[in-house]
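A closer look at the structure
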Amino acid sequence: MPDVLGKNLSIEIIGQSHSKIIKATLFGMPKGIEINQEVIKNALAKRRPILNIDTSRIEDDKFNIVSGVKDGFSDGNPFSIEIENNNIKSNDYDDLEYIPRPGHADYVGYMKYKDEYDFRGGGFFSGRLTSLIVAISSVIIDALEKQNIYIGTHILKCGNVIDSHIDSLEDIKAINNKRIALKDNLEQQLEKQINEIKEDHDSIGGITETVIYNVPLGLGDKHFSSCEGLISKCIFGIGGIKGIEFGDGFEFANKVGSTANDEFIIKDGNISTITNHNGGINGGITNGMPIVFKCVVKPTPSINKTQRSVNLKTKENVLINIKGRHDPAIIRRIPIVINSVTALAIFDLYISEFGKEVFNKWKKDTE
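Notes on the structure follow. All of these numbers come straight from a predicted model, not from anything done at the bench.

Details of the overall build of the chain
Summing up its helical and strand segments, the chain has nine helices and 19 strands in all. Taken over the C-alpha trace, the chain has a radius of gyration of 21 Å; the compact-globule value for 367 residues is 21 Å, and the two agree within 12%. Taken along the three principal axes of its C-alpha coordinates, the chain extends 70 × 50 × 40 Å. Out of the 367 residues belonging to the chain, those deemed buried represent 50%. Within the chain, contacts between residues at least 6 apart in sequence are counted, and of these 69% link residues at least 24 apart.

Okay, structure coming up:
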């Protein structure tokens, strides 16, 4: 069954880490959105491992658009993409059947789904499936940018490497074109730190920051239909993310009202706030300022150290050493995935407020 996102969109993801083909279908796709295959390829390239600090499992990400497209534009039917898996080493998991890996979803997968759970590579919990989200959402990001809405995510903190905050649209455009999503010139420091962690057979987490510029006033609604709520729901669809905060977030605990409030001002005939402590959202509704939120990304659970686990079949305590190919820091590759799920949330909210027709580029170009 498809997962319902907001009021307009649903997505269905089919396949596992080691299945021959994985597939995603977006239901509720408006008619008339340009489907540019180069846009999809470029987005997938941002997610693909390219550095020695990434996993050595490198997939070509050959994709096939199955449905929902006519003459280069979405036709209003469900939009579906398949991606091939061609670099699989299932024998790396031969010793792990019935033995859940610490920090992974193996245990709950075994207990909830029984024989349906494919433990190899994490099965349907695998980060490999985020390639589908990136592919599907790439055309959504492109459509939002045609409405002048830009989403950018960078690595704010990883160990002792701390990046500067995003404070302009130019920052977003620059970060989105970088090999490593950092505002400052910290690539070498980040690679050095992650390599040191990798050599110690361990992994490391971090914090990302996402900023969305030119979001119109009025997206979202009160109570349980808030903008924060939908973004958070989509963000937690990414494995490895364990926390999210909007604006100043938990730092509000150290403030008083006079330093936490965003005062209003009229500038050039427009109403805005002097500060943006609330991250562009009040009462669950966008206020016209940039949306700002941070995510906590946990260390990759798969590490090459001896760990304790259990054998679910024999009910014995065991020691395990995880083999396979794993990222020592998934935070390096996660920014494009965060951008992608965020785009789905904003897209859904935008449709609720302005309707599907605003995205019908095909209609405008052919009238």
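Text resumes after the structure shown.
What about the environment of K192?
Topologically, K192 is positioned in helix α5 (residues 187-199). Of note is the side chain of K192, whose polar atom sits 2.7 Å from the side chain of E196.

With respect to the nonpolar core
In terms of nonpolar packing, the biggest core is built from 71 residues, with I140, L144, I231, I235, I291 and F293 touching the most fellow members. Considering every element that reaches this core, the biggest residue donor is helix α8 (residues 335-354), with twelve residues. In this structure, Y150, I175, A181 and V292 belong to the second largest nonpolar core, which totals nine residues.

Section: a nonpolar patch on the surface
Taken together, the side chains of Y107, V108, M111 and F125 define a hydrophobic patch exposed on the protein surface, amounting to about 390 Å² of accessible area. Relative to the helices and strands, F125 resides in the loop between α2 (106-113) and α3 (130-146).

Brief notes about the sheet that holds strand β4 (residues 31-34)
Here we have three strands laid out as an open sheet, ordered β4-β7-β6, and antiparallel in their pairing. Pairing within the sheet leaves two strands with one partner each, and these edge strands are β4 and β6 (69-70). Alignment of β6 against strand β7 (residues 73-75), held across two bridges, turns out to be antiparallel. Of the residues in β7, the one forming a bridge with K70 is F73.

What about the side chain of S309?
Within the secondary structure, S309 is located in strand β18 (residues 307-311). For S309, a relative accessible area of 11% translates into the label buried. Of note is the side chain of S309, whose polar atom sits 2.6 Å from the backbone oxygen of P100. Not counting residues within four places of it along the chain, the set of residues in contact with S309 comprises I99, P100, E316, N317, V318 and I320.

As for helix α6 (residues 227-235)
Each turn of an α-helix holds 3.6 residues, which means side chains three or four residues apart point in the same direction. Taken together, the buried positions of α6 are C227, L230, I231, S232, C234 and I235. Among the structural elements, β12 (241-246), β15 (281-282), β16 (285-286), β17 (291-297) and α8 are those in contact with the buried residues of α6. One side-chain oxygen of the residue at the start of α6 lies 2.8 Å from the amide nitrogen of G229, identifying that residue as S226.

Quick word on the side chain of D248
By secondary structure assignment, the location of D248 is in the loop between β12 and α7 (257-260). A relative accessible area of 19% places D248 in the buried class. Within the structure, D248 has its side chain in polar contact with the side chain of K255 (distance 3.5 Å). When neighbours within four sequence positions are excluded, D248 is seen to be in contact with K255 and H277.

Calculation rules
- Residue positions are given per chain, counted from 1 along the sequence in the order it is written.
- Whole-chain, interface and lining totals are the exception, using all residues; otherwise, since this is a predicted model, local features are given only for residues with pLDDT of at least 70 and side-chain atom pairs are given and counted only at 80 or more.
- Side-chain descriptors were evaluated using all non-hydrogen atoms of the structure, hydrogens and water having been removed beforehand.
- Numbered from the N terminus, helices here are DSSP runs of H or I no shorter than four residues, and strands are runs of E no shorter than two.
- Each radius of gyration reported is based on C-alpha atoms, and the globular scaling rule is 2.2 Å times the count of residues to the power 0.38.
- The cut-offs for exposure are 20% and 50% of the maximum accessible area for each residue type, with area from a 1.4 Å probe on protein chains only; residues under the lower value are buried, those over the upper are exposed, and the others partly exposed.
- Contacts are assigned to residue pairs with any non-hydrogen atoms lying within 4.5 Å of each other.
- Definition of a polar contact: a pair of N or O atoms within 3.5 Å, with one able to donate and the other able to accept a hydrogen when the atoms are protein atoms, and with sequence-neighbouring residues admitted only if both atoms are side-chain atoms.
- Throughout this description, the term nonpolar core refers to a set of buried Ala, Val, Leu, Ile, Met, Phe, Trp, Tyr and Cys residues connected via side-chain atoms within 4.5 Å.
- Residues forming no salt bridge and having over 30% relative accessible area are the ones grouped into patches, like charges within 9 Å of each other and nonpolar side chains (Val, Leu, Ile, Met, Phe, Trp, Tyr) within 5 Å.
- Per-residue accessibility takes into account occlusion by the displayed protein chains alone, with areas from the Shrake-Rupley method and a 1.4 Å probe.
- A side-chain nitrogen of Lys or Arg and a carboxyl oxygen of Asp or Glu constitute a salt bridge if their distance falls within 4 Å.
- Two strands pair if DSSP finds at least two bridges between them.

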